Amino acid sequence: QARSKVDGDRETTANKWGVSGRQDLDLGPHWFAFVKLGVDADRLLELKHRSNVATGLGHHLIRSERHTLDVFSGLSLTRSVYREAQTINDKTDTRFSNTGVLIGEESSHQLNDTVSMKQRLEYNQGLSGDKLNLLRFNGSVNVAISKATSLSVGLIRTYNSKVPPGVKKVDASLFTGLNVKLGR
């Protein structure tokens, strides 16, 4: 949660969280299948939570020890639950859902033994329901502390085609964190 104080008035300027993950299954040296799950919330949008599940196929364009570049696409299902009723496409409700198409690309780069960069660009085109369109860029720089932990600084920039009246369609978040690798 972020707050600002102007002329003695305190105002919440950010109050959001999100978690997502993608599991890949290699189908060969260049192709993979994936399943992606994500949940996020944004108090300023009165978004109690938005859940997204997607599955599809991807292609490894570059796959080396120090650099990767993947492209992927598939089908998605998105459900949004708001704290208060919202009007989207002339429908007023607290719950909206859509099926859509997800397309994206993701790359990672090991710059040296301790510094790496990752970036991902995803576009989710709603085809039914509220026809929500989301475009999200996520980029980060990680500095290794050990083989299993690293510090990160990142930026997430999101375009949301269906926001409540008075809310900007483009949002940016700067984050820092401690990452812990599980498994190999």
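Starting afresh in each chain, residues are numbered from 1 along the sequence in its written order. For this predicted model, a pLDDT threshold of at least 70 governs which residues receive local features, and a threshold of 80 or more governs which side-chain atom pairs are given and counted, while totals over whole chains, interfaces and linings are taken from all residues. For side-chain calculations, the full set of non-hydrogen atoms in the structure is used, while hydrogens and water are omitted.

**Considerations on the side chain of Ser 116**
The secondary structure listing takes helices from DSSP runs of H or I that are at least 4 residues long and strands from runs of E that are at least 2 residues long, numbered from the N terminus. Among the structural elements, Ser 116 can be located in strand S8 (residues 115-126). Note on definitions: a residue-residue contact is assigned when non-hydrogen atoms from the two residues lie within 4.5 Å. When residues no more than four places from it in sequence are discounted, the contact partners of Ser 116 are His 109, Gln 110, Leu 111, Ser 140, Val 141 and Asn 142.

**Structural notes on a positive patch on the surface**
Taken together, the side chains of Arg 43, Lys 48, Arg 83 and Arg 95 present a region of like positive charge at the surface. Relative to the helices and strands, Lys 48 resides in strand S5 (residues 47-63). Like-charged residues within 9 Å of one another, or nonpolar side chains (Val, Leu, Ile, Met, Phe, Trp, Tyr) within 5 Å, are grouped into patches, provided each residue has over 30% relative accessible area and no salt bridge. Using the Shrake-Rupley algorithm and a 1.4 Å probe, accessible areas are obtained, with residue cover drawn only from the displayed protein chains. What counts as a salt bridge is simple: a side-chain nitrogen of Lys or Arg found within 4 Å of a carboxyl oxygen of Asp or Glu. A residue counts as positive if it is Lys or Arg and as negative if it is Asp or Glu; His and the chain ends are not included. Just so you know, the charge point we use is NZ for Lys, CZ for Arg, CG for Asp and CD for Glu.

**Some words on the sheet that holds strand S9 (residues 133-144)**
Two strands form a pair only when DSSP identifies at least two bridges running between them. Judged by pairing direction, the sheet is antiparallel, and its 9 strands sit side by side in the order S3-S4-S5-S6-S7-S8-S9-S10-S11 without closing on themselves. Looking at which strands have only one partner, the edges of the open sheet turn out to be strand S3 (16-26) and strand S11 (170-180). Direction aside, the axes of adjacent strands within the sheet are offset by 20° on average. For strand S6 (residues 67-88) and strand S7 (residues 91-110), the ladder comprises 18 bridges, and the chain directions are antiparallel. The residue of S7 that forms the bridge with Asp 70 is Glu 106. Convention adopted: a line fitted to C-alpha atoms gives each axis, helices being fitted over their contacting stretch, and angles between N-to-C directions are expressed from 0 to 180 degrees.

**Remarks on the environment of Arg 66**
Among the secondary structure elements, Arg 66 is positioned in the loop between S5 and S6. For Arg 66, the residues in contact, after removing those within four places along its chain, are Ser 108, His 109, Gln 110, Leu 111 and Asn 112.

**Quick notes on the pairing of S5**
Note that strand S4 (residues 31-42) and S5 share 11 bridges and pair antiparallel. By the bridge assignment, Trp 31 is partnered in S5 with His 59. Here S4 folds back onto S5 in antiparallel fashion, the turn holding 4 residues, of which Glu 46 has a positive phi close to 60°. Two elements, S5 and S6, share 15 bridges in a ladder whose sense is antiparallel. Counted as the bridge partner of Gly 58 is Phe 72 from S6. What sits between S5 and S6 in their antiparallel hairpin is a turn of 3 residues.

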